[in-house]
Structure formats: C-alpha cells, structure tokens
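The residues making up each chain are set out below.
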Amino acid sequence: MRVIGKIVAAIIFSIVGFLAGTPLFASFGVADAASDTGSYLGIALFLSVFAIIMFAPTVRRAFGRGFLLSGLLIFALPLSVLILSGTAASSVISDTAAAGADEASQAAAALGASLGAGLLTGFASFVGFILGSIFIITGLVLTLGGRREVVVVNVPGQAA
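To start, this report covers the structure provided alongside it. (Residues numbered from 1 in each chain as written. Predicted model: local features only at pLDDT ≥ 70, side-chain atom pairs only at ≥ 80, totals over all residues. Heavy atoms only, no water.)

1. Some points on the overall build of the protein
Each helix and strand in the protein was counted, giving 5 helices and 0 strands. Moving toward the C terminus, one meets the helices and strands of the protein in the order α-α-α-α-α. Relative to the globule expectation of 15 Å for 160 residues, the C-alpha radius of gyration of the protein, 23 Å, shows a markedly less compact shape. Reported as C-alpha extents along the three principal axes, the dimensions of the protein are approximately 95 × 35 × 20 Å. Residues counted as buried form 28% of the 160 residues belonging to the protein. Long-range contacts, defined here as pairs at least 24 residues apart, represent 79% of the contacts in the protein between residues at least 6 apart. Summed over its atoms, the accessible surface of the protein is roughly 9,900 Å², and 73% of this surface lies on carbon and sulfur atoms. Here the protein carries 7 positive and 6 negative side-chain charges, and the mean point of each set is 41 Å from the other. (Helix = DSSP H or I, 4+ residues; strand = E, 2+ residues; numbered from the N terminus. Rg over C-alpha atoms; globule rule 2.2 N^0.38 Å. Buried < 20%, exposed > 50% of the residue type's maximum accessible area, 1.4 Å probe, protein only. Contact = heavy atoms within 4.5 Å. Areas by Shrake-Rupley, 256 points an atom, 1.4 Å probe, with all protein chains shown as cover. Lys, Arg positive; Asp, Glu negative; His and termini not counted. Charge placed at Lys NZ, Arg CZ, Asp CG, Glu CD.)

2. A word on the packing of aromatic side chains
Under the definition given, this model contains 6 aromatic pairs. Taken together, a centroid distance of 6.0 Å and an interplanar angle of 85° make the contact between Phe13 and Phe63 edge-to-face. Taken together, the residues Phe13 in helix α1 (residues 2-31) and Phe63 in helix α3 (residues 59-75) connect sequence positions 50 residues apart. The class for Phe63 is partly exposed, based on a relative accessible area of 25%. Considering the side-chain rings of Phe67 and Phe135, the 5.3 Å spacing of their centres and the 70° angle between planes classify their relative orientation as edge-to-face. Within this pair, whereas Phe67 is found in helix α3, its partner Phe135 is found in helix α5 (residues 103-144), the two being separated by 68 residues in sequence. Assigned by exposure class, Phe67 and Phe135 land together as buried. Taken together through their ring pairs, the aromatic side chains of Phe13, Phe63, Phe67 and Phe135 make up a single cluster. (Phe/Tyr/Trp six-rings, centres within 6.5 Å; stacked < 30°, edge-to-face > 60°.)

3. Side note on the packing of helix α4 (residues 77-98) against α5
Axis angle and axis distance: for two packed helices, these are the angle between their axes and the distance between the axes, and together they describe the pair. Contact pair α4 / α5: the axes reach a minimum separation of 9 Å and the direction vectors enclose 170°. Considering their axes alone, α4 and α5 lie roughly antiparallel with respect to each other. Facing α4, whose interface residues are Leu77, Pro78, Val81, Leu82, Ser85, Ala89, Val92, Ile93, Thr96 and Ala97, α5 presents Ser105, Gln106, Ala109, Ala110, Ala113, Ala117, Leu120, Thr121, Ala124, Ser125, Gly128 and Phe129. Split by residue class, the contact of α4 with α5 holds 15 nonpolar, 7 polar and no charged. (Axes fitted to C-alpha atoms, helices over the stretch in contact; angles between N-to-C directions. Parallel < 35°, antiparallel > 145°, perpendicular 65-115°, else oblique. Nonpolar A, V, L, I, M, F, W, Y, C, P; charged D, E, K, R; others polar.)

4. Remarks on α3
What sets the pattern is the α-helix's 3.6 residues per turn: residues three or four places apart point alike. Taking 1.5 Å as the rise per residue, α3 with 17 residues should run 24 Å; its terminal C-alpha atoms sit 24 Å apart, in good agreement. Listing the buried residues of α3 in full gives Ala62, Gly64, Gly66, Phe67, Ser70, Gly71 and Ile74. (Expected span 1.5 Å × (residues − 1).)

5. Here's the deal with the nonpolar core
Ala9, Phe13, Ile53 and Ala62 are the most contacted members of the largest nonpolar core, which has 13 residues in total. Of all elements in the fold, only α1, α2 (37-54) and α3 reach the threshold of two or more residues within this core. The element contributing the most residues to this core is α1, with 5 residues. Those residues in contact with Ala9 that sit more than four places away from it in its chain are Ile53, Ala62 and Phe63. (Core = buried A, V, L, I, M, F, W, Y, C linked by side-chain atoms within 4.5 Å.)

6. Some points on the packing of α2 against α3
Look at α2 against α3: their axes get within 9 Å of each other, and the N-to-C directions meet at 150°. Classed by the angle they form, the pair α2 and α3 counts as roughly antiparallel. Facing Leu45, Val49, Ile52 and Ile53 of α2, the residues of α3 in contact are Ala62, Arg65, Gly66, Leu69 and Leu73. Classifying every residue of the contact of α2 with α3 by side-chain character gives 7 nonpolar, 1 polar and 1 charged.

Below you can see the structure in the form of structure tokens.
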C-alpha cells in the first residue's frame, strides 16, 4: 500500500510539474522548430520529479515533496511564460519585417505582440503566485509537519 501511494503521488505531481514547465520547454522550439531540446528537458523534469518523490520515506512525505516541487515550478511559471512570450513576440516582429510589410503594419505587429506578451505574463503571474504559494505552504505542512511526541521523564525524588 505504501508503494502504491508513492507511485500515485509521483505520477500526479510529475504531470503537474511537467505542465508547469511546458511554457519554458516550448520556448526552446519557437526559434528553431526542428529542435528537440524542449522535449528532452520535459522528460528529464518528469523523471527527476518522479524519482525525488519515490525516494520519500512515507506517503505523507511523498505528497509533501510533490506539493513542494510542483509549487516551486508553478511559482516560477511567470518566468517561463515571460521567456515564451518574449520569444514569440520577437518571432512575430521579425516575420513581419521579413515579409516586407510597410512601417504601419510592422508597428501594429510590434504593438500587438507586446500587448499579448504583457497580458499573458500578467495572467501567469497572478495564477503562478497564488497557486504556487498554496502548493508550497501545503507541501511544507505535509513535509515538515507530523506527530509531535512529548516524553515526560519522572525522576524519583524530584517534585514535578
């Protein structure tokens, strides 16, 4: 039963961590569509989160580690989205200039790409900070919390 709980936690939080890192992995393929670097990074992240959770001593600690790792990756989501949106905006602007569009079209493309990147990063910041904080706090409680035992030693001859 203990191993099954760890496997469930590892699968769930590896998928959550992979999804949180997806914008960063996708940014590696925007500039060069033939590059598989993002895929390899995604697989490496999935396997490393899976291994870290599987080596936890208890199921409670496994879930705690999962919440902590996922919370850190979700908390870093705004940076991942910033990199992706900046790369995509740069690609849109350079493609517009390469197509030989007039200055008004290039300005409109730059303005639209900048506004889109800003809105996307702002939304990711809102979601990432709130959801990441919740996951990190939950992970800290599960990882560091637990039973607290107080051992009372009565020594003969001493008053309590």
